[in-house]
Amino acid sequence: MLATVLLLVLAGAGLFVARPGPVAGWLGEGAPEPTASPVPPEPDPQAVLAAFDPNAPEPTPAGVRAALAALVGQPALGSRVNVSVADVATGKSLYAKGEDAPTVPASVTKLVTAVTVLEARGPAYRIPTRAVAGAAPGEVVLVGGGDPTLAVDGNGFYPGAARLDNLAKQVREALGGTAPTKVTVDSTLFPGPVLAAGWDDDIPVGGFGARITALMTDGARVDPVYARKHHEETNHAAERSPAPDLLAGRAFAKLLGVPAEKVGKGTAPAAPASPAADSAAPGSELGKVESLPVIRLVDIMISDSDNVIAEALARQVALAKGKPASFAGAGAAMDAVAGELGLPAGELDLSDGSGLSRKNRISPSLLTELLTLAGNGRHPELGAIFGGLPVAAWSGTLDERYQGAATSAGAGVVRAKTGTLTGVHAIAGLVTTADGRLLTFAVLTDQTVGSLDDTRQALDRITSALATCGCR
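What you are looking at is a predicted structure, and each value in this text was computed from that prediction instead of being measured. (Residues numbered from 1 in each chain as written. Predicted model: local features only at pLDDT ≥ 70, side-chain atom pairs only at ≥ 80, totals over all residues. Heavy atoms only, no water.)

Caption draft 1: Here's a closer look at the overall build of the protein chain. Scanning the protein chain for helices and strands turns up 12 helices and 14 strands. The burial tally for the protein chain puts 56% of its 472 residues in the buried class. For the protein chain, long-range pairs separated by at least 24 residues make up 71% of all intrachain contacts whose partners lie at least 6 apart in sequence. (Helix = DSSP H or I, 4+ residues; strand = E, 2+ residues; numbered from the N terminus. Buried < 20%, exposed > 50% of the residue type's maximum accessible area, 1.4 Å probe, protein only. Contact = heavy atoms within 4.5 Å.)

In structure tokens:
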């Protein structure tokens, strides 16, 4: 899915993001090594979706209102439906109903998390996991930096993730003939509660969330091999550890030949003031591995709606802004970055970064402004959010939607992040009109009582109507 963002043509600004260029650097790709014989050049990439027409006629507010007025009143959407539709090229609002009203957003929260971490950390940033010498002889401290994708070995859940077996190899080399005798887990980078305010009681055990700690492996999954094999049939749910940091610590200890009973929690000693000749001096770094770059973590977060990655990335925003890497600190930091980007931060109130919290509030207009900002070319680093957006009737959470007669016009044309909690349904993304104009939309409902299928069908009818009309 990451390749999609590299092929995305945004009509409003004529933006085309492709390799090579800055994206290659963000992905950690260097220049190709010289070869003995010339290599034929790769063909130009082919767009996954039809290119948007930068000269397409602009819809009118009256035209959009005529297309949507009846649809936003569908009973399946419940008693509170807040909507915003805007033009990417101009930023003009084309339809507004409760557009500034803070609404429970569910997983469309991840769009805010994505934009703020890309802005605060940058697409190329990688999250470190370190091992340092402990205070006692033979003690190794495993220091969590907040990488939720860290794997134990090559059988991890996330392809290309940093690995503890590589870190253990570095530690053994650094210690020479000294055998480790104890592993201390330092997950103090993330202070405060491990569960967010507003989470339903089943979140920690329901398979879609986890206790959030600065050190974990495989998104806290207990059995990453099984979870990867059954990823689709379980709808991405998996058993999560009640103590993700200790689970990671015990796996690391096993790699070092340290018994599980010699694993405990603690704090790493301060690093020496100057590099010491003795690598075993307390606080000396014995090894380090780094996560995939943020641009790829964002892609996974959005395409899979990965809640644990979302919470980890939200804390990276907090760290970048000098705030505590807690739920509260992350919410405050994301609010601050949104304000710096010129978004209406007063219409944003976050208790988490994933959207699992029912205390979250986001307005539809903030979401359409955010999508416009990411798509108009003024902040090219933010365009990474589009790579993971599900495509109607083709991928992600939209894979099995937009297939009925009333919604099929949106298939392959609508790209959007969805959000679902009991009684809460949302969708926000991009759509191309029949005339080729690129629009952003956000539809948030947080008082639904009907069936899940009926509500989704009602949401899809709204975005499909935008796809079929010139709206002039």
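Caption draft 2: Quick peek at the packing of helix α8 (residues 294-304) against helix α9 (residues 307-320). Where α8 contacts α9, the axes come no closer than 8 Å and their chain directions differ by 140°. Of the possible angle classes, the one that applies to α8 and α9 is oblique. Here α8 and α9 pass one another in a crossing that is left-handed. Seen from α8, the contacting residues are Leu 297, Val 298, Ile 300 and Met 301; seen from α9, they are Ile 309, Ala 310 and Leu 313. Grouping the constituent residues of the contact of α8 with α9 by class yields seven nonpolar, no polar and no charged. (Axes fitted to C-alpha atoms, helices over the stretch in contact; angles between N-to-C directions. Parallel < 35°, antiparallel > 145°, perpendicular 65-115°, else oblique. Left-handed = near helix turned anticlockwise from the far one by under 90°. Nonpolar A, V, L, I, M, F, W, Y, C, P; charged D, E, K, R; others polar.)

Caption draft 3: Spatial organisation of the pattern of salt bridges. Following the criterion strictly, the structure yields 12 salt bridges and no others. Two residues, Asp 446 and Arg 80, come together in a salt bridge whose shortest N-O distance is 2.8 Å. Taken together, the residues span a long stretch of sequence, with Asp 446 in the loop between β14 (438-445) and α12 (452-468) and Arg 80 in the loop between α3 (61-68) and β3 (81-87) at a distance of 366 residues. For Arg 80, a relative accessible area of 24% gives the class partly exposed. Glu 290 is paired through a salt bridge with Lys 288; the nearest N and O atoms lie 3.8 Å apart. (Salt bridge = Lys/Arg side-chain N within 4 Å of Asp/Glu carboxyl O.)

Caption draft 4: A look at the sheet that holds strand β5 (residues 126-133). Ordered by their spatial adjacency, five strands build an open sheet running β8-β7-β6-β5-β9, and the pairing between neighbours is mixed. Single-partner strands in this sheet number two, and they are β8 (263-265) and β9 (285-293). Recorded for the sheet is a direction-independent mean angle of 20° between the axes of neighbouring strands. Relative to strand β7 (residues 182-186), strand β6 (residues 139-143) runs parallel, the two sharing five bridges. Bridging from a neighbouring strand, Val 143 pairs with Asp 186 of β7. Contacts between helix α5 (residues 164-175) and the sheet are confined to β5, β6 and β9, with β9 contributing the most and set at about 160° to the helix. (Pairing = 2+ DSSP bridges.)

Caption draft 5: The arrangement of α8 in detail. Burial within α8 is extensive, with nine of its 11 residues counted as buried. Within α8, burial applies to Val 294, Ile 295, Leu 297, Val 298, Asp 299, Ile 300, Met 301, Ile 302 and Ser 303. After α8 finishes, the residue Ser 305 shows a positive phi value of roughly 50°.

Caption draft 6: Fine view of α12. Taking 1.5 Å per residue, 17 residues should reach 24 Å; α12 reaches 24 Å between its end C-alpha atoms and fits that length. Inspection of α12 places Thr 455, Ala 458, Leu 459, Asp 460, Ile 462, Thr 463, Ser 464, Ala 465, Leu 466 and Ala 467 among the buried residues, and these make up the whole buried set. Where the residues of α12 are buried, they touch α3, β3, β12 (414-421), β13 (424-432) and β14. (Expected span 1.5 Å × (residues − 1).)

Caption draft 7: Seen up close, the state of the cysteines. For the structure on display, the rule yields one disulfide. Cys 469 shares a disulfide with Cys 471; S-S distance 1.6 Å. (Disulfide = S-S within 2.5 Å.)

Caption draft 8: Focus on the environment of Val 85. With respect to the helices and strands, Val 85 occurs in strand β3. Here the alpha-carbon distance between Val 85 and Glu 369, two residues 284 residues apart in the chain, equals 9.5 Å. In contact with Val 85, other than residues within four places in its own chain, are Val 64, Leu 68, Lys 92, Ser 93, Leu 94, Tyr 95, Thr 368, Leu 439, Thr 440, Phe 441 and Leu 466.

Caption draft 9: Structural view of the nonpolar core. Counting 56 residues, the largest nonpolar core has Leu 111, Val 112, Val 298, Ile 302, Leu 367, Leu 370 and Ile 385 as its most contacted members. For this core, the secondary structure elements donating two or more residues are α4 (109-120), α8, α9, α10 (327-340), α11 (364-375), β13 and β14. A total of seven residues in this core trace back to one element, the largest contributor, which is α8. Apart from residues lying up to four places away in sequence, Leu 111 is in contact with Ile 302, Leu 367, Leu 370, Leu 371, Leu 389, Lys 417 and Ala 428. The next biggest cluster of nonpolar side chains, apart from the first, holds 29 residues, and it includes Leu 68, Val 83, Phe 441 and Cys 471. (Core = buried A, V, L, I, M, F, W, Y, C linked by side-chain atoms within 4.5 Å.)

Caption draft 10: Molecular detail of the environment of Val 317. Relative to the helices and strands, Val 317 is located in helix α9. By relative accessible area, which is 0% here, Val 317 ends up buried. Along the backbone, Val 317 and Ala 114 are 203 residues apart, and their C-alpha atoms lie at a distance of 9.7 Å. Ignoring anything within four residues of it in the chain, the contact list for Val 317 reads Thr 116, Val 117, Ala 120, Ala 333, Met 334 and Val 337.

Caption draft 11: View of the sheet that holds strand β4 (residues 93-97). Read from one edge to the other, the open sheet built from five strands follows the order β4-β3-β14-β13-β12, with strand pairing classed as antiparallel. The outermost strands of the open sheet, each flanked by one partner alone, are β4 and β12. Averaged over all adjacent pairs, the angle separating strand axes in this sheet is 5°, with direction ignored. In the packing of α3 onto the sheet, the strands contacted are β3 and β4, and the crossing angle to β4 comes to about 45°.

Caption draft 12: A look at the packing of α4 against α8. In the contact formed by α4 and α8, the axes pass within 10 Å of each other and the chain directions differ by 180°. The orientation of α4 with respect to α8, classified from their angle, is roughly antiparallel. On the side of α4, the interface is formed by Lys 110, Leu 111, Thr 113, Ala 114, Val 117 and Leu 118, while α8 contributes Val 294, Ile 295, Val 298, Met 301 and Ile 302. Residue composition of the contact of α4 with α8, grouped by class: nine nonpolar, one polar and one charged.

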